[in-house]
Amino acid sequence: MRTNFPHIRLRWHRVGSATAVTAALVLAGFGTAVHADATTSSKVTWAATPCATPKKTGELACNSLRVTGGTTAFQKARGITPKAADAATPSGYGPSDLQSAYGLTAAAASNGSGETIAIVDAYNDPNAEADLAKYRSYYGLPACTSASGCFKKVSQTGSTTSLPSSDAGWSEEISLDLDMVSAIAPNAKILLVEAKSATMANLGKAVNEAVTLGAKFVSNSYGGSESSSDTSYDSSYFNHPGVAITVSAGDEGYGAEYPAASKYVTAVGGTKLSTSSTSRGWTESVWKTSSTEGTGSGCSSYDAKPSWQTDTGCTKRMIADVSAVADPATGVSVYDSYGSDGTGWNTYGGTSASAPIIASVYALAGTPGSSDYPAQYPYEDTSALNDVTSGNNGSCSTSYFCTATSGYDGPTGWGTPKGVSTFTS
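Residues numbered from 1 in each chain as written. Predicted model: local features only at pLDDT ≥ 70, side-chain atom pairs only at ≥ 80, totals over all residues. Heavy atoms only, no water.

**Let's talk about the packing of aromatic side chains**
Scanning all chains against the criterion turns up 20 aromatic pairs. Site record: aromatic cluster; members linked through ring pairs are Tyr135, Tyr138, Tyr139, Tyr335 and Trp345. Above the face of the Tyr123 ring, Lys55 is positioned so that its terminal group lies 5.3 Å from the ring centre. (Phe/Tyr/Trp six-rings, centres within 6.5 Å; stacked < 30°, edge-to-face > 60°. Lys NZ or Arg CZ within 6 Å of the ring centre and 35° of its normal.)

Below you can see the structure in the form of structure tokens.
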């Protein structure tokens with residue numbers, strides 16, 4: 001089993017000496033980073049959630065960040081003055097915003113019934129169902145409860161009673177994932193599969209259990225350094241024809257992560273999403289905060305290139321395929337009540353937001369073909385995506401690996417959803 005420690009060291013080595021102490025505290029979950037956001041013309045502050053720093057050898061990191069102060073893009077656009085860290089009211093984008101941005105309003109209202117979207121995370125969130133109810137009630141979404149059969153929480157073995165130990169950091173991640181599924185596909189059922197730890201072996205078993213239990217859409221918001229074991233993980237955990245598996249591309253800027261690098265999954269990059277005066281009403285660019293924070297992308301060192309990828313600069317698997325909002329300054333509202341940070345409403349970002357959004361768009365598009373690899377679908381109809389053409393997530397020797405351009409690029413793939421047509425065969 002690989003360890004994630006080289007990945008952690010990379011974070012530390014890329015921190016400049018002037019900010020090393022602050023950055024170290026942020027990565028440990030004890031500090032706050034300050035970021036100037038051009039959209040809001042004010043400073044928004046955020047910090048990595050605790051699960052973004054693995055606490056045990058061999059564990060992977062979640063890809064989420066929680067806003068701690070300032071005025072978010074959502075608040076600025078609506079003239080809302082409370083600070084973003086005020087947990088009494090939402091301060092990020094809600095379902096109507098996300099559905100509008102991605103052309104999903106009609107599909108969200110009409111589609112998704114009968115589909116099951118699985119969320120795979122580590123450890124247990126004891127408040128998952130109660131927090132989900134708060135989010136859905138506030139936004140006027142239909143209730144989704146275990147009593148009705150809409151919501152189900154199981155361990156990686158499928159048990160509803162023998163669950164992993166609870167963890168506050170991963171509970172934040174779980175709340176983010178569940179709320180994004182609710183925002184995009186409110187008529188779908190939700191299956192939460194909790195791995196007993198954040199190792200690839202246990203998370204992979206949770207993916208397999210989700211598929212065994214009938215989910216055709218499985219979202220994964222975690223990752224770590226690539227290793228020579230990845231191709232074996234591919235065959236053991238991610239080779240599921242007929243199932244749309246999405247994976248977040250990572251939050252540390254340019255560089256490939258696994259399992260986003262798996263050739264069997266849809267790797268999801270992250271954008272900065274802002275309102276605009278265009279006919280769409282929204283505009284997007286690559287999410288980048290600094291050289292050490294932003295959406296992941298890159299050319300895999302180990303995974304073979306799937307047949308549907310035709311870019312010529314990378315001979316192996318290229319990340320990402322598509323993208324969605326991830327910048328915390330243009331982040332999404334989440335309700336979480338477990339642990340010291342579980343204070344109610346908070347705004348979150350990271351590619352942990354974009355992965356469940358895309359999994360839910362797949363669900364709105366309909367059940368994949370039984371022998372299909374749905375990661376191929378966006379490559380078959382690239383015109384039905386919003387092409388993101390500005391921004392970068394770092395420095396690279398091959399420009400499109402880290403810089404947005406017309407057509408395909410690493411940070412945003414082919415673009416963001418423009419309705420559902422490109423997410424079906």
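**Remarks on the pattern of salt bridges**
For the coordinates displayed, the defined rule picks out eight salt bridges. A salt bridge links Glu284 to Arg280; the nearest nitrogen and oxygen atoms lie 2.7 Å apart. The exposure class of Glu284 is buried, given its relative accessible area of 8%. By relative accessible area, Arg280 is classed as partly exposed at 25%. Across the pair Asp311 and Lys305 runs a salt bridge whose closest N-O atoms are separated by 2.8 Å. The class for Asp311 is buried, based on a relative accessible area of 15%. Through salt bridges with shared partners, one network takes in Arg66, Glu172 and Asp341. (Salt bridge = Lys/Arg side-chain N within 4 Å of Asp/Glu carboxyl O. Buried < 20%, exposed > 50% of the residue type's maximum accessible area, 1.4 Å probe, protein only.)

**Topic: the packing of helix 7 (residues 168-184) against helix 10 (residues 351-365)**
Helix 10 packs onto helix 7 with a crossing angle of 35° between their chain directions and a minimal axis gap of 8 Å. Seen along the crossing, helix 7 lies across helix 10 with a hand that is right-handed. Residues Glu173, Leu176, Asp177, Met180, Val181 and Ile184 of helix 7 form the contact with helix 10, whose own contacting residues are Ser352, Ala353, Pro356, Ile357, Ser360, Val361 and Leu364. Considered class by class, the residues forming the contact of helix 7 with helix 10 number nine nonpolar, two polar and two charged. (Axes fitted to C-alpha atoms, helices over the stretch in contact; angles between N-to-C directions. Helix = DSSP H or I, 4+ residues; strand = E, 2+ residues; numbered from the N terminus. Left-handed = near helix turned anticlockwise from the far one by under 90°. Contact = heavy atoms within 4.5 Å. Nonpolar A, V, L, I, M, F, W, Y, C, P; charged D, E, K, R; others polar.)

**As for helix 6 (residues 128-138)**
For helix 6, the complete set of buried residues consists of Ala128, Asp131, Leu132, Tyr135 and Arg136. Projected down its long axis, helix 6 shows its buried positions confined to an angular sector of 135°, all on one face. Trailing helix 6 by a residue or two, Gly140 shows a phi angle of about 70°, which is positive. (Arc of directions from axis to C-beta.)

**Structural notes on the state of the cysteines**
Scanning all chains against the criterion turns up four disulfides. Here Cys144 connects covalently by a disulfide to Cys150, the sulfurs 1.9 Å from one another. Handedness here is read from the sign of the S-S torsion; for Cys144 and Cys150, about -90°, the answer is left-handed. Residue Cys144 is classed as buried on the basis of its relative accessible area, which comes to 4%. Sulfur-sulfur distance for the disulfide between Cys396 and Cys402 comes to 2.1 Å. Taking the sign of the S-S torsion, about -80° here, the bridge from Cys396 to Cys402 comes out left-handed. (Disulfide = S-S within 2.5 Å.)

**A look at the confidence of the model for the chain**
Chain-level statistics for the chain give a pLDDT mean of 90 and a share of 89% at 70 or above. Considering only residues more than four positions removed or in separate chains, one finds that residues 1-34, a stretch of pLDDT under 50, has 66 contacts. Across residues 36-41 the pLDDT falls below 50, and counting only partners more than four positions away or on other chains, this stretch makes 16 contacts in the model. (pLDDT = per-residue confidence, 0-100.)

**Description of the environment of Gly269**
With respect to the secondary-structure elements, Gly269 resides in strand 11 (residues 266-275). Look at Gly269 and you get buried, because its relative accessible area is 0%.

**Overview of unusual backbone geometry**
In the segment running from Tyr258 into Pro259, the intervening peptide bond is cis, with an omega of 15°. Residue Ala320 is reached from Ile319 by a cis peptide bond, and omega for that bond is 15°. Within the secondary structure, Ala320 sits in the loop between strand 16 (316-319) and strand 17 (322-325). Its identity is not glycine, yet Tyr123 carries a phi of approximately 65°, on the positive side. Considering the arrangement of structural elements, one finds Tyr123 in the loop between strand 5 (116-122) and helix 6.

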